[in-house]
Amino acid sequence: MPRLHADADRTRWVPITDSLGFGGRRHRKAAIRMLLAQASRALGAEERPGGGFTAWAMSQATPFLMRRAAGRVLAWVWKADPELLVVMAQVQEATSQLRAARASMPMEYDDTETFRGTYLGVGEKLAIPLPADQRTPPFATYTWDTGTHFVTVTAVCSDRERFGTVIGAVDDLARGLRIGDDVALGESPTVLRIEP
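Criteria and cut-off values
Residues numbered from 1 in each chain as written. Predicted model: local features only at pLDDT ≥ 70, side-chain atom pairs only at ≥ 80, totals over all residues. Heavy atoms only, no water. Buried < 20%, exposed > 50% of the residue type's maximum accessible area, 1.4 Å probe, protein only. Helix = DSSP H or I, 4+ residues; strand = E, 2+ residues; numbered from the N terminus. Pairing = 2+ DSSP bridges. Core = buried A, V, L, I, M, F, W, Y, C linked by side-chain atoms within 4.5 Å. Contact = heavy atoms within 4.5 Å. Axes fitted to C-alpha atoms, helices over the stretch in contact; angles between N-to-C directions. Expected span 1.5 Å × (residues − 1). Phe/Tyr/Trp six-rings, centres within 6.5 Å; stacked < 30°, edge-to-face > 60°.

Burial of strand E3 (residues 73-78) is extensive: 6 of the 6 residues sit out of reach of the surface. Taking every second residue as pointing to the same face, both faces of E3 are buried, with Val-73, Ala-75 and Val-77 on one and Leu-74, Trp-76 and Trp-78 on the other. Bridge count between strand E2 (residues 13-15) and E3: 3 bridges; the pairing is antiparallel. Looking at the pairing, Val-14 lines up with Val-77 of E3. As paired elements, E3 and strand E4 (residues 85-93) share 5 bridges and run antiparallel to each other.

Structure follows, in structure tokens:
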């Protein structure tokens, strides 16, 4: 399975993927608290301040789950305000079921624009700064179809008014995303045989 790689600007982003132990713990917990609050608001539930035990438990489990994903999922939070912006990148096999699900998305998801990545080439970007439903947070998705896999970057922002101030940094992060895979050397460790 291919793995994702990115050179995120450490002055802007805190990586969640490899933040085991105390490293990034505060940022991880704040990001999870924000996502839980957004999810409960979208479902119509009453927002509870803090997030408490659930956010803490998920912040402890997240690095292990990310590590188990073995490079198929990467995540970052905005360093200056972890509860403002969370970005997640993932690579998925382009199955017929996934292609059918993408084709049957709501009409507003058709309003994409061309987006060029430095390594992945031309993809699509969809930015929804003001969703019609007030309970839905502003978000942006970036998608590349490599033929065998989909590479997707999703950014969720908690503040409609500040979405425009951070989307440029998300663009830069998405542009730097690349994909890598293991190469089998075949019968001899000194010979790399490439299929025609």
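Core analysis: the largest hydrophobic core is formed by 28 residues, its most contacted members being Trp-13, Trp-76, Leu-85, Val-87, Tyr-142 and Leu-177. Elements with a contribution of two residues or more to this core: E3, E4, strand E7 (139-145), strand E8 (149-157) and helix H4 (163-175). Per element, the largest residue contribution to this core is 7 residues, and it comes from H4. Every residue in contact with Tyr-142, bar those within four places of it in the chain, is listed here: Phe-115, Glu-124, Lys-125, Val-151, Thr-152, Val-153, Ile-167, Val-170, Asp-171 and Ala-174. Val-14, Ile-16, Ala-75 and Val-86 belong to the second-largest nonpolar core, a separate cluster that totals 5 residues.

What follows covers the pairing of E8. The side chains of a regular strand alternate between both faces of the sheet. In terms of burial, E8 is a largely internal element, 8 of the 9 residues being buried. When E4 meets E8, the two strands line up antiparallel, connected through 9 bridges. Each bridged residue has a counterpart across the sheet, and for Met-88 the counterpart in E8 is Thr-154. Looking at chain direction, E7 and E8 are connected through 7 bridges and run antiparallel. By the bridge assignment, Ala-140 is partnered in E8 with Ala-155. From the end of E7 to the start of E8, which pair antiparallel, there are 3 residues, and Gly-147 there has a positive phi angle of about 105°.

Here the focus is the sheet that holds E7. The strand order E2-E3-E4-E8-E7-E6-E5 describes an open sheet built from 7 strands, whose pairing is antiparallel. Because the sheet does not close on itself, it has two edges, and the strands there are E2 and strand E5 (113-117). Taken pair by pair, the neighbouring strands of this sheet meet at an average axis angle of 25°, ignoring direction. In the packing of helix H3 (residues 96-103) onto the sheet, the strands contacted are E4, strand E6 (121-128), E7 and E8, and the crossing angle to E8 comes to about 45°.

Let's shift gears to H4. Taking 1.5 Å per residue as the helical rise, H4 with its 13 residues ought to reach 18 Å, and the 18 Å between its terminal C-alpha atoms agrees with that figure. Three or more residues of H4 are buried, namely Phe-163, Val-166, Ile-167, Ala-169, Val-170, Asp-171, Leu-173 and Ala-174.

Time to look at the packing of aromatic side chains. Scanning the entire structure with this criterion turns up 3 aromatic pairs. Each ring, one from Phe-115 and one from Tyr-142, has its centre 4.9 Å from the other, and the planes form 65°; the classification is edge-to-face. Taken together, the residues Phe-115 in strand E5 and Tyr-142 in strand E7 connect sequence positions 27 residues apart. Seen in terms of ring centroids, Phe-115 and Trp-144 are 6.0 Å apart; in terms of plane orientation they differ by 65°. Their pairing is edge-to-face. One end of the pair, Phe-115, is in strand E5; the other, Trp-144, is in strand E7, with 29 residues separating them in the sequence. In this structure, Phe-115 and Trp-144 share a single accessibility class: buried. Through successive ring pairs, a cluster of aromatic residues spans Phe-115, Tyr-142 and Trp-144.

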